[in-house]
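Here's the letter readout for the chains.
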Amino acid sequence: MSDILVLYYSRHGTTAELARQVARGVDAVSGAKARLRTVPPVAARARVTEEIVARCAGALRSGEPAMLMLTGLAVRECGLALAGRIATATGARLIAQGSNARIQRGAGRVPIERLPYPVDQALAVLKDVRHLILVGAKAPVAFFAYPDKPSVLTPDGCQVHQLSTLAEDSIGALEALADAVGAKKNGEVVQPPGRPALPTGALTPDTLAASLGALLPEGAIVADESVTTGRGFFRMTAGAPPHDWMNNMGGSIGLGLPLATGAAVACPDRKVVCLEGDGSGMYTLQALWTQAREGLDVTTVVFANRTYAILRHELSGVRAGTPGPKAADMLDIGRPDLDWVALARGMGVPASRATTAEEFNKQFAAGLAAPGPYLVEAVL
Ligand SMILES: Cc1ncc(C[n+]2csc(CCOP(=O)(O)OP(=O)(O)O)c2C)c(N)n1
Ligand SMILES: [Mg+2]
């Protein structure tokens, strides 16, 4: 029988003793020999050079339109506060990368929008920028190559300055840049509190956004795989009480439900809200059973538009012509329609179906009020 390795962090004095106990347990149960190893401390992030900070400060002082594009630690509360001070001092605009692992947002924090996914919208946002300063972010490019549209989203004549990479110390870099441009402590403009009114009428991406904005609880953790339905969710939730927002980072699928499950395990004292596309949700719906079994406090909303809407948009974006019946059928997830209420209940999660904004408001609020998992199928 091979040895079993027990890894532990040695940050606390009691950890080593606990790890020894675990190892003795492993020995007793498995008959194997447990070996103990400490996990090496996480290496400090590399600091950026003074030259880079000076170059970025020069760009900000040039008088030409500048923008900071942020991600990683720079879109947590403290990074955003520093970026906000720099914006106040220099007139630079702020934007987050299109995908961000975790943004801290809501009332009292420096508000930030993400670079839009659709190429035309992204081009419009970046059109006048002459200096783009990347803080942990990568230079923006289109997700796909579309005929007659650029892949590089920055306009001609825009200089791109990399203040810090994702692996580097973005917070230290922002502190140094704030000093270099004479940004004032507490000079940042923060988001005032404000919620939209509860929406009425048809259930649409806009009314869903308003309902989220009206009801999102303080301290919520949002796991967002809403794909096309959620593109306007940021605007309507900007003034909600402080919360964390986690996005899918790329072209993978099925992240939302397990991400919400993990967040609820990690933070049992916070409400987790999972925003899930119906197509994406089908890849990992067994996470609902874990939520039921572990009594996890997750309210899931499934956007039942009965289609892979994004792939329809992409097909027309690459000018593939009008899809024939076979191609169209590949993008459709009806026939039969998925019954998310039955799927959720079948895994032990109480659920209901909303077809109007009024129904959604009531059911989403009920889900939030329940201490365990709940699922709302929002029929679009
Ligand atoms: C593993 C994998 N398979 C397929 C895809 C292609 N894909 C991207 S988004 C998507 C469907 C998203 O559908 P849904 O969650 O219903 O959101 P909607 O587009 O309807 O808003 C698919 C199939 C992918 N990105 N990864
Ligand atoms: Mg869909």
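Residues numbered from 1 in each chain as written. Chains lettered and ligands numbered in written order. Predicted model: local features only at pLDDT ≥ 70, side-chain atom pairs only at ≥ 80, totals over all residues. Heavy atoms only, no water.

### With respect to the nonpolar core
Convention followed: Here, nonpolar core refers to any group of buried Ala, Val, Leu, Ile, Met, Phe, Trp, Tyr and Cys residues whose side-chain atoms link them within 4.5 Å. Residue burial is assigned from relative accessible area. The probe radius is 1.4 Å, only protein chains are included, and a residue is buried under 20% of its type maximum, exposed over 50%, and partly exposed in between. Should any heavy atoms of two residues lie within 4.5 Å, those residues are counted as being in contact.
Membership of the largest hydrophobic core comes to 54 residues, with the highest contact counts inside it found for Leu60, Leu68, Leu70, Leu163, Leu177, Leu275 and Phe360. Residue contacts for Phe360: discarding those within four places in its chain leaves Leu203, Leu208, Ser211, Val301, Ala354, Ala365, Val376 and Ala378. Within the second largest apolar cluster, 22 residues are counted, among which are Ile221, Ala264, Leu296 and Val349.

### Some details on the sheet that holds strand β3 (residues 66-70)
As a reminder, the rule being used: Here, a strand pair is defined by DSSP locating no fewer than two bridges between the strands. Here a strand is any run of E in DSSP of at least two residues, a helix any run of H or I of at least four, and the numbering for each starts at the N terminus. Note on geometry: axes are C-alpha line fits, over the in-contact stretch for helices, and angles between N-to-C directions span 0 to 180 degrees.
Pairing is parallel across the open sheet formed by four strands, whose spatial order is β4-β3-β6-β7. Edge positions in the sheet fall to β4 (93-96) and β7 (159-164), since each has one partner strand and no second. Each strand axis lies, on average, 25° off the axis of its neighbour in the sheet, ignoring direction. As defined by bridge partners, β3 adjoins β4 across three bridges and the pair is classed as parallel. Within β4, the residue paired with Met67 across the bridge is Arg93. Contacts from helix α4 (residues 119-126) reach β3, β4 and β6 (131-135), with the element oriented near 130° to β3. The sheet contacts of helix α5 (residues 170-180) involve β3, β6 and β7, and relative to β7 the element is tilted by about 115°.

### Structural notes on the pattern of salt bridges
The condition is simple: By definition, a salt bridge exists where a carboxyl oxygen of Asp or Glu is found within 4 Å of a side-chain nitrogen of Lys or Arg.
The final tally for this structure, using the stated rule, is 19 salt bridges. Ionic pairing is found between Glu77 and Arg109, a salt bridge with its closest N-O pair at 3.4 Å. Residue Glu77 is located in helix α3 (residues 77-90), and its partner Arg109 is located in the loop between β5 (103-105) and α4; the two are separated by 32 residues in the primary sequence. Put simply, Arg306, Asp337, Asp339, Arg353 and Glu377 are held in one network by salt bridges that share partners.

### Here we look at the coordination of the magnesium ion (ligand 2)
This is how the line gets drawn: The donor definition counts N, O and S atoms within 2.8 Å of each metal and applies 3.2 Å to Na, K and Ca; water is not among these atoms, so some sites may look incomplete.
On the protein side, the magnesium ion (ligand 2) has Asp278 (OD), Asn305 (OD1) and Thr307 (O) as donor atoms, found 2.1 to 2.2 Å from it. One chain supplies every donor for the magnesium ion (ligand 2), spaced along it as D-x26-N-x1-T. Judged by its relative accessible area of 13%, Thr307 falls in the buried class.

### Quick look at the packing of aromatic side chains
Definition in use: Between rings of Phe, Tyr and Trp, where Trp is taken as its six-membered ring, a pair exists when centres lie within 6.5 Å; planes separated by under 30 degrees are stacked, by over 60 edge-to-face, and by other angles tilted. Each ring is checked for a lysine NZ or an arginine CZ that lies within 6 Å of its centre and within 35 degrees of its normal; such an atom marks a charge sitting over the ring.
By the definition in use, this model includes six aromatic pairs. Residues Phe144 and Tyr146 carry aromatic rings whose centres are separated by 6.3 Å and whose planes lie at 75° to one another, so their mutual orientation is edge-to-face. Members of the aromatic cluster, joined through ring pairs, are Tyr117, Phe143, Phe144 and Tyr146. Across from the ring centre of Phe234, 3.7 Å away, lies the NZ or CZ of Arg105, which sits over that ring.

### A short note on the packing of α3 against α5
How two helices sit against one another is set out by the angle between their axes and by the gap between those axes. Note the cut-off: For this classification, under 35 degrees means roughly parallel, over 145 means roughly antiparallel, 65 to 115 means roughly perpendicular, and everything else is oblique. In this scheme the handedness of a crossing depends on how the near helix is turned from the far one: anticlockwise by less than a right angle means left-handed, clockwise means right-handed. Each residue gets one of three labels, nonpolar for Ala, Val, Leu, Ile, Met, Phe, Trp, Tyr, Cys and Pro, charged for Asp, Glu, Lys and Arg, and polar for the others, Gly among them.
Two numbers describe how α3 lies on α5: the axes approach to 9 Å, and their chain directions differ by 20°. In terms of their interaxial angle, α3 and α5 are classed as roughly parallel. As α3 packs across α5, the resulting crossing turns out to be left-handed. Packed against α3, whose contacting residues are Cys78, Gly79, Leu82 and Ile86, the element α5 presents Ile171, Leu174, Glu175, Leu177 and Ala178 at the interface. Residues belonging to the contact of α3 with α5 are distributed by class as follows: seven nonpolar, one polar and one charged.

### Concerning the environment of Gln191
As for its placement among the helices and strands, Gln191 is situated in the loop between α5 and α6 (205-215). For Gln191, a relative accessible area of 16% translates into the label buried. The sequence separation of Gln191 and Gly106 amounts to 85 residues, and the corresponding C-alpha distance is 6.7 Å. Apart from residues no more than four positions distant in its own chain, Gln191 is found in contact with Gly106, Ala107, Gly108, Arg109, Pro111, Ala238 and Gly239.

### Quick look at the sheet that holds β5
The strand order across the open sheet formed by seven strands is β5-β9-β8-β10-β11-β13-β12, and the pairing between neighbours is mixed. In this open sheet, the two edge strands, each paired with only one partner strand, are β5 and β12 (351-354). Averaged over neighbouring strand pairs, the angle between their axes works out to 20° when direction is ignored. Two strands pair when backbone bridges link them, and β12 and strand β13 (residues 374-379) are joined in this way by four bridges, in the parallel orientation.

### Considering α6
Most of α6 sits out of view: eight of its 11 residues are buried. For α6, every residue scored as buried is listed here: Thr207, Leu208, Ala209, Ala210, Ser211, Leu212, Gly213 and Ala214. On its buried face, α6 is in contact with α7 (233-237), β10 (272-277), β11 (298-304), α14 (357-369) and β13.

### Quick word on α14
Where we set the bar: The length a helix should cover is 1.5 Å for every residue beyond the first.
The terminal C-alpha atoms of α14, which comprises 13 residues, lie 18 Å apart, in line with the 18 Å expected from a rise of 1.5 Å per residue. Buried within α14 we find Ala357, Phe360, Asn361, Gln363, Phe364, Gly367 and Leu368. Where the residues of α14 are buried, they touch α6, β10, β11, β12 and β13.

### Section: the pairing of β13
Stated precisely, the cut-off is as follows: Seen with its strands pointing away from the viewer, a crossover is right-handed when the path leading from the first strand over the helix to the second is clockwise.
When you tally the buried positions in β13, you get six out of six residues, the bulk of the element. Of the two faces of β13, the one holding Tyr374, Val376 and Ala378 and the one holding Leu375, Glu377 and Val379 are both buried throughout. The parallel pair β12 and β13 is bridged by α14, and the resulting crossover is right-handed.

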